[in-house]
Amino acid sequence: MGNIKFVKENKEIVTADGANLRLKAMENNIDIYTLIGKMTNCGGAGQCGTCIVQVVEGLENLSPRTDFENRKFKKKPDNYRLACQTLVNGPVSVVTKP
């Protein structure tokens, strides 16, 4: 099982392995978008880069970064991910809107 802890929101959800981080956040009323992101997001297609989260625990329990993420986060730490491109395969803790 892939427990996801949202640090700022102090909320933890339980999900099956392979669940999409963005979808699980939205299903549980976790706001992952900044104001600009709310207006310009691509709806989870991995094109806009606005659903950014910072993984503080469990990075090894996530799917590998996509090519788009590698380009988008070239100058960011390895623990920055796009929620829409991230599959959860174990316990993780994330910070929304880092």
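Residues numbered from 1 in each chain as written. Predicted model: local features only at pLDDT ≥ 70, side-chain atom pairs only at ≥ 80, totals over all residues. Heavy atoms only, no water.

Let's talk about the pattern of salt bridges
Line of reasoning, step 1. Under the definition given, this model contains three salt bridges.
Line of reasoning, step 2. Put simply, Lys24 and Glu27 hold a salt bridge, and the shortest N to O gap is 2.9 Å. Of this pair, Lys24 and Glu27 both sit in helix 1 (residues 21–27), three residues apart, which is roughly one turn of that helix.
Line of reasoning, step 3. By relative accessible area, which is 52% here, Glu27 ends up exposed. (Salt bridge = Lys/Arg side-chain N within 4 Å of Asp/Glu carboxyl O. Helix = DSSP H or I, 4+ residues; strand = E, 2+ residues; numbered from the N terminus. Buried < 20%, exposed > 50% of the residue type's maximum accessible area, 1.4 Å probe, protein only.)

Brief notes about the nonpolar core
Line of reasoning, step 1. Within the largest apolar cluster, 20 residues are counted, with the highest numbers of intra-cluster contacts made by Ile4, Phe6, Leu21, Ile32, Cys51 and Val94.
Line of reasoning, step 2. Of all the elements in the fold, those that place two or more residues in this core are strand 1 (4–6), helix 1, strand 4 (52–57), strand 5 (80–82) and strand 7 (92–96).
Line of reasoning, step 3. Discounting residues that sit within four places of it in the chain, Cys51 has contacts with Ile32, Tyr33, Arg81, Leu82, Ala83 and Cys84. (Core = buried A, V, L, I, M, F, W, Y, C linked by side-chain atoms within 4.5 Å. Contact = heavy atoms within 4.5 Å.)

Notes on the pairing of strand 4
Line of reasoning, step 1. Sheet topology places strand 4 next to strand 5; three bridges connect them, and they run antiparallel. Its bridge partner lying in strand 5, Gln54 is registered against Tyr80.
Line of reasoning, step 2. Taken together, the four bridges between strand 4 and strand 7 define a ladder with antiparallel strand orientation. Along strand 7, the bridge assignment pairs Val55 with Val94. (Pairing = 2+ DSSP bridges.)

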